[in-house]
Amino acid sequence: MEKYILPALPYAYDALEPYISEEIMKLHHDKHHATYVNNLNAVIEKNPELFERTAEELLINLESIPEDIRTAVINNAGGHVNHSMFWEIMSPSAGGLPAQAGEPSGKLAEEIKNQFGSFAEFQQKFNDEGLKRFGSGWVWLVKDASGKLEIISTANQENPISNGKTPILANDVWEHAYYLQYKNVRADYLKAWWNVVNWPEVEKRFSEK
Ligand code: MN3
């Protein structure tokens, strides 16, 4: 029986400055993400046989989760899986590239161009989707079963893998992700965030999954 574990942040708390402040990263990882992990462990204690599944497996097979804990699993396994991915698809100076030079390359760049017209149009559409998500949630670039890319948003901590879609890229649009630095201006956060996208990691997810 393995409990779910909070992964270490793969860089320093201040590594995403000036785009995401050290204060936000500390709270976001050490408090928010940690709480999802703690709550998930507390929920699964009631059905300890479920500890055999990874958090992703819990979300892929929601219909097999007992109804009395299903919402708690969506919220807390979702919170755990979403944030674990989020830390990895960001990096200082956009994956080692100079700030603002970060763009995808290779097959992912081609696919983005095919489906959205250009990288700039893709970014615009992603930002718009993130902006219009009412309340708390996430904006995603996902791949469907046929390999087609799509921009979607989900409420709260719902993860697209519960609907058979594979997340490639995600931005957290909960206020806790930006409010201390960007106040109520989510649009500014969405724009600035592109500076810290780890494109090599996103490309890896696109080609592997
Ligand atoms: Mn968050």
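Below is a short write-up of the structure. Small disclaimer: the values here were computed from a predicted structure and weren't measured.

Basis of the calculations
Residues numbered from 1 in each chain as written. Predicted model: local features only at pLDDT ≥ 70, side-chain atom pairs only at ≥ 80, totals over all residues. Heavy atoms only, no water. Helix = DSSP H or I, 4+ residues; strand = E, 2+ residues; numbered from the N terminus. Rg over C-alpha atoms; globule rule 2.2 N^0.38 Å. Buried < 20%, exposed > 50% of the residue type's maximum accessible area, 1.4 Å probe, protein only. Contact = heavy atoms within 4.5 Å. Areas by Shrake-Rupley, 256 points an atom, 1.4 Å probe, with all protein chains shown as cover. Lys, Arg positive; Asp, Glu negative; His and termini not counted. Charge placed at Lys NZ, Arg CZ, Asp CG, Glu CD. Donors = N, O, S within 2.8 Å, 3.2 Å for Na, K, Ca; no water. Axes fitted to C-alpha atoms, helices over the stretch in contact; angles between N-to-C directions. Left-handed = near helix turned anticlockwise from the far one by under 90°. Nonpolar A, V, L, I, M, F, W, Y, C, P; charged D, E, K, R; others polar. Pairing = 2+ DSSP bridges.

**Observations regarding the overall build of the chain**
Part 1 of the argument: Per the secondary structure count, the chain includes nine helices and three strands.
Part 2 of the argument: Counted from the first residue to the last, the chain has its helices and strands arranged as α-α-α-α-α-α-β-β-β-α-α-α.
Part 3 of the argument: Its C-alpha radius of gyration of 17 Å places the chain within 12% of the 17 Å reference for a compact globule of 209 residues.
Part 4 of the argument: Within the chain, the proportion of its 209 residues that are buried is 49%.
Part 5 of the argument: Taking the intrachain contacts of the chain between residues at least 6 apart in sequence as the baseline, contacts between residues at least 24 apart amount to 66%.
Part 6 of the argument: Summing over all exposed atoms, the chain offers an accessible surface of approximately 10000 Å²; the carbon and sulfur share of this is 50%.
Part 7 of the argument: For the chain, the separation between the mean place of its 20 positive charges and that of its 30 negative charges on side chains is 3 Å.

**Notes on the coordination of the manganese ion**
Part 1 of the argument: Looking at the manganese ion, the protein donor atoms are His-28 (NE2), His-83 (NE2), Asp-172 (OD) and His-176 (NE2), and they sit 2.0 to 2.1 Å from it.
Part 2 of the argument: Of note, the donors binding the manganese ion are all from one chain and are spaced H-x54-H-x88-D-x3-H. Of this pair, His-83 sits in helix 3 (residues 67-88) while Asp-172 is found in strand 3 (residues 166-172), placing the two residues 89 residues apart along the sequence. Residue His-83 shares its accessibility class with Asp-172, and that shared class is buried.

**Observations regarding the packing of helix 6 (residues 119-132) against helix 8 (residues 186-193)**
Relative orientation and spacing of two packed helices are given, respectively, by the angle between their axes and the distance between those axes.
Part 1 of the argument: Between helix 6 and helix 8, the least distance of the axes is 10 Å, while the angle of their chain directions is 145°. The handedness of the crossing between helix 6 and helix 8 comes out as right-handed. Here Phe-126, Asn-127, Gly-130 and Leu-131 of helix 6 lie close against helix 8, whose contacting residues are Arg-186, Ala-187, Leu-190, Lys-191 and Trp-193.
Part 2 of the argument: Along the lines of polarity and charge, the residues of the contact of helix 6 with helix 8 split into five nonpolar, two polar and two charged.

**Let's talk about unusual backbone geometry**
Part 1 of the argument: The amide bond that connects Glu-17 to the next residue, Pro-18, takes the cis arrangement and shows omega of 0°.
Part 2 of the argument: Position of Pro-18 among the secondary structure elements: in the segment before helix 1 (22-44).
Part 3 of the argument: If you check the backbone angles, Asn-156 has positive phi at about 50° while not being a glycine.
Part 4 of the argument: Relative to the elements of secondary structure, Asn-156 occurs in the loop between strand 2 (149-155) and strand 3.

**A look at the side chain of Asn-41**
Part 1 of the argument: Residue position: Asn-41 is located in helix 1.
Part 2 of the argument: Asn-41 gets classed as buried once you look at its relative accessible area, which sits at 9%.
Part 3 of the argument: Beyond its immediate stretch of four places on either side in the chain, Asn-41 contacts Lys-3, Tyr-4 and Phe-51.

**With respect to the pairing of strand 1 (residues 137-143)**
Part 1 of the argument: Most of strand 1 sits out of view: seven of its seven residues are buried.
Part 2 of the argument: The two faces of strand 1 match: Gly-137, Val-139, Leu-141 and Lys-143 on one face and Trp-138, Trp-140 and Val-142 on the other face are all buried.
Part 3 of the argument: Examined bridge by bridge, strand 1 and strand 2 share seven bridges and lie antiparallel to one another. Within strand 2, the residue paired with Trp-140 across the bridge is Ile-152.

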